[in-house]
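Summary of structural features
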Amino acid sequence: MQNTPRRKKKNKALPLIVLVVIMCVLAGAYLALSAANDRREAEEAAAAAVDTTIMLAQQDYTKITELKYRTDGGDWITLQQTGGVWTLAEDPKFPLNQQTAAGMGAAISSIGAMRSVEEGDGTMYGLDEPACEIHVSYGTGTTYKYAIGDRNSFNDAYYFRNDDGKIYMIASGLLTYFQTEPEDMIVLDTALAGLADGDINSFTVADGDASAEWKQSSEEVTAEDGTVTTVYSETVTDLYGLFCELDLRKWADYYADSTEMAEVYGIDGSRSLTLSYKKSVAINSAETTADGASSGQTTKVDANYVIYFGTSADGQTYYSPKGSTIVYTAADDVANAILAYAAQ
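What you see is a predicted model, and the numbers here were worked out from it, not measured in a lab.

Procedures and definitions
Residues numbered from 1 in each chain as written. Predicted model: local features only at pLDDT ≥ 70, side-chain atom pairs only at ≥ 80, totals over all residues. Heavy atoms only, no water. Helix = DSSP H or I, 4+ residues; strand = E, 2+ residues; numbered from the N terminus. Buried < 20%, exposed > 50% of the residue type's maximum accessible area, 1.4 Å probe, protein only. Contact = heavy atoms within 4.5 Å. Areas by Shrake-Rupley, 256 points an atom, 1.4 Å probe, with all protein chains shown as cover. Axes fitted to C-alpha atoms, helices over the stretch in contact; angles between N-to-C directions. Parallel < 35°, antiparallel > 145°, perpendicular 65-115°, else oblique. Left-handed = near helix turned anticlockwise from the far one by under 90°. Pairing = 2+ DSSP bridges. Polar contact = N/O pair within 3.5 Å; in protein donor to acceptor, adjacent residues only side chain to side chain.

Before going further, it helps to spend a moment on the overall build of the protein chain. Along its length, the protein chain carries six helices and 18 strands. In the protein chain, which comprises 344 residues, the proportion classed as buried is 34%. Taking all contacts inside the protein chain whose residues are at least 6 apart in sequence as the whole, residues at least 24 apart take part in 59%. When the accessible surface of the protein chain is totalled, it reaches about 21200 Å², and 49% of it is carbon and sulfur.

Here you go:
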């Protein structure tokens, strides 16, 4: 019998293996393409994030010698800087806020524009009657003149004329700096408020020949439920309440010498309120107090805060803290209530 040759069995797993290999290749290609797309998107995002600001000024504001500005065609306000100290040229005695002045100088010395404006002249953008004009001079002898015009409501930007006459659009922040009046830059005396009852030593009130001292006192009172409360002098508490009503934001004159204090405002030292209190002070590194406190901590020392009262006008009494050149006003009923304790 003739032997019939055997047929080889087909390997049924081979197509499956090939399919898997193809799928892996496709998956690898997809991942590579996805990674490439991710890289491209990241590169495009980075390119879009590139700062497109047009720098119109990059100066050292500490080199400014004079900064003058006016808003809406009003009076010029001139700030001058000498040795890092800013003064109001119109009145060098004005107690000018140094941080505010320096902030204005820094803002005008670093100007960035959003884009340039190629069409039209200044009359189209409010630059013929500017919202603000600014002149800034540096120690090099160079003076730059700028103007801010109308607001573009679409992108909340302002039209800006550079020193070279070209027009740009800038962010709204710069104008904000130069809408500041001198009264907004005044440095007033620091109010003394928020004292704890236990930090008050006494009040002394003087009115001419009459004078009285009211010392702080305290006692512990135990309630029926056993709660212990410290009760302080009622008179001192009342005086401190009146003292806190003296608002150091209500000023009448930002500079008065001793002669003007006495002759114009009646502040001659004869009527006063003296608050004796415990003041917290930092301990120097080389010091150690009697109770063992050392550097990095605070200790309390006795201090005085004195207020001198003057005459009254239009229902307001003039007063000034000791050592100050600023005259403030307080309602007559508050000043009179304080001074009344001198005769009690």
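As a further point, take the packing of helix α4 (residues 234-243) against helix α6 (residues 332-339). Taken N-terminus to C-terminus, the directions of α4 and α6 make an angle of 150 degrees; their axes are 10 Å apart at the nearest point. When the axes of α4 and α6 are compared, the pair comes out roughly antiparallel. Between α4 and α6 lies a crossing of left-handed hand. Contacts from Leu239, Leu242 and Phe243 of α4 reach α6 at Val334, Ala337 and Ile338.

Here five bridges tie strand β12 (residues 218-222) to strand β13 (residues 228-232), and the two strands are oriented antiparallel to one another. Each residue of the ladder has a partner; that of Glu220, found in β13, is Thr230.

Quick look at the sheet that holds strand β9 (residues 167-171) now. On the basis of which strands lie adjacent, the open sheet formed by nine strands has the order β1-β5-β9-β8-β7-β6-β2-β3-β4 and antiparallel pairing. Two strands lie at the open edges of the sheet, namely β1 (54-58) and β4 (85-88), each paired on one side alone. Recorded for the sheet is a direction-independent mean angle of 30 degrees between the axes of neighbouring strands. Where strand β5 (residues 110-117) and β9 come together, four bridges link them in antiparallel fashion.

Take the side chain of Thr317 next. One can find Thr317 in strand β17 (residues 316-321). Classification of Thr317 as buried rests on a relative accessible area of 4%. A distance of 2.6 Å separates a polar atom in the side chain of Thr317 from a polar atom in the side chain of Asp332. Dropping the residues within four chain positions of it, Thr317 is found in contact with Phe309, Gly310, Thr311, Ser312, Tyr328, Thr329, Ala330, Asp332 and Ala335.

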